[in-house]
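Inside the fold
Each chain, written out:
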Amino acid sequence: RSILVPIQEGSPERRPLFRVHSVGGEVAAYHPLARHLGPEQPVYGLQSPDPPFEHIPEMAERYLAVLRTVQPEGPYRIAGWSMGGAVAYEMACQLEAQGEKTEVLAMIDAVSAASWTGEQRWSDTEMLGLFAVAMVYLHDVDVPADLDLPPSLGVPPGFDLSTVDVSGLSLDEALAAALDLGRQVGLLPPNLAPEELRRIFERFRANRVSLSTYEPGPYDGDLHLFRARDQIGMGDDPTLGWRDLVKGEVRIFDCSGDHYTLLREEVEGLAGQLRELLGR
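These remarks concern the structure in this document. No experiment lies behind these values; they were computed from the predicted model shown.

1. Remarks on the overall build of the chain
The number of helices and strands found in the chain is 7 helices and 7 strands. In the chain, the succession of helices and strands from N to C terminus is β-β-α-β-α-β-α-β-α-α-α-β-β-α. Relative to the compact-globule value of 19 Å for 280 residues, the chain shows a C-alpha radius of gyration of 19 Å, a close match. Considered along the principal axes of its C-alpha atoms, the chain spans approximately 55 × 40 × 35 Å. Within the chain, the fraction of its 280 residues that count as buried is 50%. Sequence-distant contacts, at least 24 apart, represent 80% of the contacts inside the chain between residues at least 6 apart. For the chain, the accessible area works out to roughly 13,200 Å², and carbon and sulfur atoms hold 49% of it.

This is the structure we're talking about:
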């Protein structure tokens, strides 16, 4: 499983845009945005390998090594959506320490990397619940109330998915139940093997834990924050916490949609602002 994912070849005359995966470790959500940036813009994704990295500084160091196989020298253009913002930030910090410049550091509805530090530790089955909810929202899945539930869940008909408690199950039992439910709602293909679902979950778990142990340092450069208008921010701070880390300018761009739809149904607005930033 390669870290580097070519999303759009683009023109060799334009600097590529590198996009870091979200907490699930995948970069598929970036494909619509790449198309709306236009065929001339080269776009690469950076996805979690197997096994995934457990710490963000290590992640950023390895991703930069892979990035340099495409673009050996800066200035660089790096973007991250959601959890990808924390990794993109650390990559820019490491480039700065090496004397390289990041001309575009774009956060796509990503809260400050420091806001995750010290987050509570979740059990495996609790983490699986977070994983399931994230996948449902990411892929905009309609979950009916009349699912044929595995008996191991012990839930009566007409349930609310958010109330299902798998804490009494082992991880293997909970994954089996998730696989069954995922197939029923069309989120997971019928031929997906249990061991592959485990690998997908392990990427999510490693990435989520890496956020809680990351302690970001200051960054001297500028940061570009693309906020979803329908997303709840961090209190009264319009920079979503980035002002406390960034010594340069924090430029804010408000985009239509929520945390998920700004990359799907309402991606055109985000793409238009990003195209302007990239100098199209």
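2. Comments concerning helix H5 (residues 171–184)
In this model, H5 (14 residues) spans 20 Å end to end at C-alpha, consistent with the 20 Å of a helix rising 1.5 Å per residue. Buried residues belonging to H5 abut helix H4 (124–138) and helix H6 (194–213). Note on H5: the residue one or two positions beyond its end, Gly 186, has a positive phi of about 80 degrees.

3. Here we look at the packing of aromatic side chains
One pass over the full model with this rule turns up 9 aromatic pairs. Look at Tyr 137 and Tyr 260: their rings are 5.9 Å apart centre to centre, the planes differ by 20 degrees, and that puts the pair in the stacked class. Taken together, the residues span a long stretch of sequence, with Tyr 137 in helix H4 and Tyr 260 in the loop between strand S7 (250–255) and helix H7 (267–278) at a distance of 123 residues. For Tyr 137, a relative accessible area of 51% translates into the label exposed. Three or more aromatic residues link up through ring pairs in this structure, and these residues are Trp 81, Tyr 137 and Tyr 260.

4. Some details on the environment of Thr 261
Residue placement: Thr 261 occurs in the loop between S7 and H7. Distance from Thr 261 to His 139, taken between C-alpha atoms, is 9.9 Å for residues 122 residues apart in sequence.

5. Examining the nonpolar core
Formed by 83 residues in total, the largest nonpolar core has its most connected members in Tyr 89 and Met 91. Not counting residues within four places of it along the chain, the set of residues in contact with Tyr 89 comprises Leu 105, Met 107, Tyr 214, Pro 216, Gly 217, Pro 218, Tyr 219, Leu 223, Trp 242, Leu 245 and Val 246.

6. Points about the sheet that holds strand S4 (residues 76–81)
What the 7 strands build is an open sheet, ordered S1-S3-S2-S4-S5-S6-S7; its pairing is mixed. Sheet topology places strand S1 (4–8) and S7 at the edges, where each strand pairs with a single neighbour. With strand direction ignored, the average angle separating the axes of adjacent strands in the sheet is 25 degrees. When S4 meets strand S5 (residues 102–108), the two strands line up parallel, connected through 6 bridges.

7. Brief notes about the pattern of salt bridges
Counted according to the given criterion, the structure contains 16 salt bridges. Of the charged contacts in the structure, one is a salt bridge between Arg 205 and Glu 202, with a shortest N-O distance of 3.8 Å. Residue Arg 205 and its partner Glu 202 are located together in helix H6, separated by 3 residues, close to a single helical turn. Judged by its relative accessible area of 27%, Glu 202 falls in the partly exposed class. Each of Arg 1, Glu 26, Asp 50, Glu 196, Arg 199 and Arg 203 takes part in salt bridges that share partners, so that together they form one network.

8. A look at unusual backbone geometry
Residue Pro 51 is bonded to the preceding Asp 50 through a cis peptide linkage, with omega at -5 degrees. Tracing the sequence through the fold places Pro 51 in the loop between strand S3 (43–46) and helix H2 (56–67). Looking along the chain, the bond that leaves Gly 74 and enters Pro 75 is cis, with omega of 5 degrees. Locating Pro 75 in the fold gives a position in the loop between H2 and S4. If you check the backbone angles, Asp 109 has positive phi at about 45 degrees while not being a glycine. Considering the arrangement of structural elements, one finds Asp 109 in the loop between S5 and H4.

9. A closer look at H4
Taking 1.5 Å as the rise per residue, H4 with 15 residues should run 21 Å; its terminal C-alpha atoms sit 21 Å apart, in good agreement. Regarding H4, the residues found buried are Thr 125, Met 127, Leu 128, Phe 131, Ala 134, Met 135, Val 136 and Leu 138. Buried-residue contacts for H4 involve S4, H5 and H6. Of the residues flanking the end of H4, it is Asp 140, one or two places downstream, whose phi is positive at about 55 degrees.

Conventions used here
- Residues numbered from 1 in each chain as written.
- Predicted model: local features only at pLDDT ≥ 70, side-chain atom pairs only at ≥ 80, totals over all residues.
- Heavy atoms only, no water.
- Helix = DSSP H or I, 4+ residues; strand = E, 2+ residues; numbered from the N terminus.
- Rg over C-alpha atoms; globule rule 2.2 N^0.38 Å.
- Buried < 20%, exposed > 50% of the residue type's maximum accessible area, 1.4 Å probe, protein only.
- Contact = heavy atoms within 4.5 Å.
- Areas by Shrake-Rupley, 256 points an atom, 1.4 Å probe, with all protein chains shown as cover.
- Expected span 1.5 Å × (residues − 1).
- Phe/Tyr/Trp six-rings, centres within 6.5 Å; stacked < 30°, edge-to-face > 60°.
- Core = buried A, V, L, I, M, F, W, Y, C linked by side-chain atoms within 4.5 Å.
- Pairing = 2+ DSSP bridges.
- Axes fitted to C-alpha atoms, helices over the stretch in contact; angles between N-to-C directions.
- Salt bridge = Lys/Arg side-chain N within 4 Å of Asp/Glu carboxyl O.

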